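Here's the letter readout for the chains.
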Amino acid sequence: MDYRVEMQSSCLFCRIIRGESPSQFVYQDQLVVAFKDTRPQAPVHVLVCPTKHIPTLNDVQEEDNALLSHMFQVAKSLAVQFSVHETGYRTVFNVNAGAGQTIYHLHLHVIGGRLLSWPP
Ligand code: 5GP
Ligand code: ZN
């Protein structure tokens, strides 16, 4: 079985996507869902997740290009929805433990609503 298409019962974000774990969706379509982070790092902190289980950006394939593009389009729309598109926001994929990834189901952080320092 291709682990990238199979929903993983052990994966927290797969459970959220299936509605088995509580979460407040702020956007949903066939390819992605978006919900608020339970430990927000800024006034706006939303996660955009593919409905397909992909562990990390390292596992993204050429065939996923449209999905990745869509994730950024959704992130852009959420920035408008939460009124940070003009003040500024950040989109982040943490990849593996050294970058702070804790949930191994691909997700794009959309963070804004305060001044974000750089480097992070
Ligand atoms: P990562 O560290 O993998 O890049 O990001 C995982 C994010 O998921 C973290 O920001 C963490 O606060 C968030 N998170 C962890 N558990 C839950 C949960 O049960 N619900 C929601 N909405 N977010 C979660
Ligand atoms: Zn998953």
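Trainee: Give me the lowdown on the environment of Trp118, citing residues and values where you can.
Mentor: Secondary-structure assignment places Trp118 in the segment after β5 (108–112). Remark: the alpha-carbon pair of Trp118 and Val92, spanning 26 residues in sequence, is separated by 13 Å.

Trainee: Can you lay out the packing of aromatic side chains for me, pointing to particular residues and giving the numbers?
Mentor: Enumeration according to the criterion identifies three aromatic pairs in this entry. With a centroid separation of 5.2 Å and an interplanar angle of 80°, the aromatic rings of Phe13 and Phe35 are classed as edge-to-face. In this pair, Phe13 is assigned in helix α1 (residues 12–17) and Phe35 in strand β2 (residues 32–36), connecting sequence segments 22 residues apart. Measuring from centroid to centroid gives 6.0 Å for Phe72 and Phe93, while their planes differ by 85°, and the two rings are edge-to-face. In this pair, Phe72 sits in helix α2 (residues 65–81) while Phe93 sits in the loop between β4 (89–92) and β5, placing the two residues 21 residues apart along the sequence. Residue Phe72 is classed as partly exposed on the basis of its relative accessible area, which comes to 37%.

Analysis parameters
Residues numbered from 1 in each chain as written. Chains lettered and ligands numbered in written order. Predicted model: local features only at pLDDT ≥ 70, side-chain atom pairs only at ≥ 80, totals over all residues. Heavy atoms only, no water. Helix = DSSP H or I, 4+ residues; strand = E, 2+ residues; numbered from the N terminus. Phe/Tyr/Trp six-rings, centres within 6.5 Å; stacked < 30°, edge-to-face > 60°. Buried < 20%, exposed > 50% of the residue type's maximum accessible area, 1.4 Å probe, protein only.

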